[in-house]
Amino acid sequence: MAEVVRFFIDGKECMAKNGDYLLQAAKENGIYIPTLCHYDGLKPKGSCRVCTCKVNGRLMTACTTPIAEGMMIESNTLEIEEMRKSIIELFFVDGNHFCPTCEKSGYCELQALAYRYRITAPRYPFLFPLKRVVADYAKIIIDHNRCVLCKRCVRAIKDEMGKSFFAYRRRGQNIEVILDKRMSDRMSFEIALEAENICPVGAIMAKRTAFTTPIGYRKFDKITIGSDIEKIKTK
Amino acid sequence: MGQKITIDPVTRVEGHGKVTLYVNNDGSIEQARFHIVEFRGFERFVQGRPYWEMPVLVQRLCGICPVSHHLAAAKAIDVIVGAGMGDELPPTAEKMRRLMHYGQIFQSHALHFFFLASPDLLFGIDAEPAKRNVLFLAQENRDLAHRAILMRKFGQEIILATAGKKIHGTGAIPGGINKHLSLEEKDKFLKGEFPLNIDTMIQWSLETLDFFHHYEEQHKDFIQSFVSFPSNYLSLIRSDGALDLYHGVLRAVDPNGNKILPDVDYHEYYKYIEEEVRSWSYMKFPYIKTLGQELGWYTVGPLARMNTADFIDTPLAQKEFELFRAVHKGKPCHHVMHTHWARLIEILHAAEKIKVLLEDPDILAGELFRQGNKQFEGIGLIEAPRGTLFHHYKINENDQIIQANLIVSTTNNNQAMNNAVLQVAQRTFKGQKKVTESMTNAIEVAIRAYDPCLSCATHALGQMPLVIEIVNT
Ligand code: SF4
């Protein structure tokens, strides 16, 4: 039987299996730590930094930090929450996000985080980068204006042989997600929908269908992101 | 040397524009121009976006009647997704879209008549500007202001129930609609507590018409001769000649009522309509090709629709329509101020249509959307509150928009509004040494009758008011 360890988040005593990642362990203890790049069941990546906590006084990403006996974690503090809010704002200025006309609105985790953190406008200047919309794939469209480089699609969407449909190309600030051309020809509509759903934002969209769920019935029309973990009714 | 008068801003219109009057030494008006001086370029920046975004994206042109853009774009995209040429949608989809549209017509016309136009009618063109507004209306005529707000609210609630939001919803999707009406929503609109139910709205629409008739009796001269000039009129029309605000064929009549566009397929509008660009305005000047630039201009909107239609398929509006046609001896009406009458007939018609649709079981259940073989071009037309609205898109094989052409109602009325400005200016400014506020307001009143939406017309950006400028000649 796995060893159970005791740790503290914002002073609250929590229990989890030794070695579980902090993000998951917090969730099991009813505490929500926000994230964009993490997806249950995928190997953690730590790329978005939204889940940053102070672990024994040091800043660490919760999705990649294994829990250990006696850890003291600060998460819902003014300092950490303010930092997370800034990171979310940076995502908005670093891309081109026009939520009112985006088909991911209401399902988008970045937008949902912005609502949770009550961001009406970012405090940083918009960079308006020139980004591409790549539409020459048969089943999907990639809108780089909205991509947050979480790598969820690369990690999750694979064929029956375990080969990824998506990959990164280039480096540094020019890095972007691409879909392997040959793989793209083999992509079914179901896989396209899976890719759309795994994308936390509106960067990957299955073609020819949009806005099929009425406003009021979309995921985050009904709940504030994280409130299901905190088990509080928010809307 | 004559002078140049600028009216800047023109108020109680939607969008920003200005009027320039070129005045001769003897005080006569040499020329009058109604300019729209802003530019937005929606047609350009939708290029590259996927076609299914259009109904939601392009409606952002306007906050007053986004439903019209939403539906015109959806109708164009229906063609692209192979859902037919406009009359092959599932019955539920067409009826829900119509319900949305009639809700929009109802609220937009109510907004215009009560909030924008009625202060001129009630307090007069010469009233102080401080009084010619909806706040003073609320002080002076509480009942009218109260009704205005509630009629608008009713229309907006219909939009909310069909589009998901009162402004900028997502209801119409390629090939159909994304929701049914719920039983609760239907019951609320049909039998809701007074006054927010459809029977009260029909009753109030009738009473607003009475109000107009009473007003006209006392101000016959103003209504019938303030501004009146022959024009061609254009609108969609149902194939049997009935007024139809959602779908139909294109009909245009000349000043005597003769058909100059004889019920043609709107998917071929480009064969019949051309747009001219003039250097002094961002708003284009459309005209009927066969008649040429000089003679081919036309009027759209409520007045045009009353002039093109053979009948109205709802009984109360039909009765009023018969009166309208009788007053004008079966010929097209050219009194611009009768646009208000036409608008009120349409408010009544929209309310009656809403009732019929609410009683139809198709809105509660049934297939929501369908798609067929992809096409590379789609055209959608609708009768927006302010007149015929054209959306035309072309896509590439990757599903991206490569070309968009939007001809909005106010653009269609461009020449007509310029003519109205010239006529009022020539009469009002004649022999006057000093330009008074009421003289410039007279010009605004003429423009306002068209209920122009200048933001839509140039797909423009910026402050609301309109400028009037008088130039030395
Ligand atoms: S991806 Fe999300 S944040 Fe970006 S525009 Fe779409 S809804 Fe808004």
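Report on the accompanying structure. (Residues numbered from 1 in each chain as written. Chains lettered and ligands numbered in written order. Predicted model: local features only at pLDDT ≥ 70, side-chain atom pairs only at ≥ 80, totals over all residues. Heavy atoms only, no water.)

On to the overall build of chain B, then. Along chain B, the regular secondary structure elements total 17 helices and 15 strands. Radius of gyration (C-alpha) of chain B: 21 Å, near the 23 Å computed for a compact globule of 473 residues. With the C-alpha coordinates aligned to their principal axes, the bounding extent of chain B is approximately 65 × 50 × 40 Å. Looking at chain B as a whole, 64% of its 473 residues are labelled buried. Of the contacts made within chain B by residues no fewer than 6 positions apart, 71% connect residues no fewer than 24 positions apart. Counting every atom, chain B has about 16700 Å² of accessible surface; 52% of that belongs to carbon and sulfur. (Helix = DSSP H or I, 4+ residues; strand = E, 2+ residues; numbered from the N terminus. Rg over C-alpha atoms; globule rule 2.2 N^0.38 Å. Buried < 20%, exposed > 50% of the residue type's maximum accessible area, 1.4 Å probe, protein only. Contact = heavy atoms within 4.5 Å. Areas by Shrake-Rupley, 256 points an atom, 1.4 Å probe, with all protein chains shown as cover.)

Take the nonpolar core next. Core analysis: the biggest nonpolar cluster contains 131 residues, and Leu-21, Phe-226, Tyr-393 and Ile-443 of chain B have the highest contact counts within it. Listed in part, the 43 residues of the second largest apolar core include Tyr-32, Cys-48, Ile-119 and Ile-229 of chain A. (Core = buried A, V, L, I, M, F, W, Y, C linked by side-chain atoms within 4.5 Å.)

To continue, consider the pattern of salt bridges. It is possible for side chains of opposite charge to pair when their charged atoms get near one another. Evaluated as defined, the whole model comprises 49 salt bridges over all chains. With a shortest N-O distance of 2.8 Å, Glu-13 of chain A and Arg-6 of chain A are connected by a salt bridge. In this structure, the salt-bridge partner of Lys-95 of chain B is Asp-362 of chain B, at a minimum N-O distance of 2.6 Å. Here Lys-95 of chain B, found in helix H4 (residues 91–123), pairs with Asp-362 of chain B, found in the loop between helix H13 (338–358) and strand E12 (377–384); they are 267 residues apart in sequence, far enough to count as distant. Residue class for Lys-95 of chain B comes out partly exposed when judged on its relative accessible area of 22%. Judged by relative accessible area, Asp-362 of chain B falls into the partly exposed class, the value being 25%. (Salt bridge = Lys/Arg side-chain N within 4 Å of Asp/Glu carboxyl O.)

By a widespread convention, an interface's size corresponds to the accessible area lost as its parts come together. The partner chain A presents 20 residues to the 23 residues of chain B that form the contact. Together, the buried faces of chain B and chain A total about 1800 Å²; carbon and sulfur atoms form 59% of this surface. It is Arg-49, Trp-52 and Asn-398 of chain B that lose the most area in chain B upon contact with chain A, and together they represent 29% of the buried surface on that side. Inspection of the chain B/chain A interface yields 4 salt bridges. Among the salt bridges present, the one from Arg-49 of chain B reaches Asp-143 of chain A, with a minimum N-O distance of 2.8 Å. For the pair chain B and chain A, the interface holds 7 residue pairs in polar contact (both at pLDDT 80 or more). Each residue belonging to the side of chain B that touches chain A can be placed in one class, and the counts come to 8 nonpolar, 8 polar and 7 charged. (Buried area = accessible area lost by both parts, 1.4 Å probe. Polar contact = N/O pair within 3.5 Å; in protein donor to acceptor, adjacent residues only side chain to side chain. Nonpolar A, V, L, I, M, F, W, Y, C, P; charged D, E, K, R; others polar.)

The next thing to look at is the packing of helix H12 (residues 315–327) of chain B against H13 of chain B. All names here are of chain B. The geometry of H12 relative to H13 is characterised by a closest axis approach of 8 Å and an angle of 160 degrees between their N-to-C directions. One way to sum up the angle between H12 and H13 is to call them roughly antiparallel. Relative to H13, H12 is oriented so that their crossing is left-handed. Each of Pro-315, Leu-316, Ala-317, Glu-320, Phe-321, Leu-323, Phe-324 and Val-327 in H12 lies in contact with H13, whose residues at this interface are His-338, Trp-341, Ile-345, Leu-348, His-349 and Glu-352. Residue composition of the contact of H12 with H13, grouped by class: 10 nonpolar, 2 polar and 2 charged. (Axes fitted to C-alpha atoms, helices over the stretch in contact; angles between N-to-C directions. Parallel < 35°, antiparallel > 145°, perpendicular 65-115°, else oblique. Left-handed = near helix turned anticlockwise from the far one by under 90°.)

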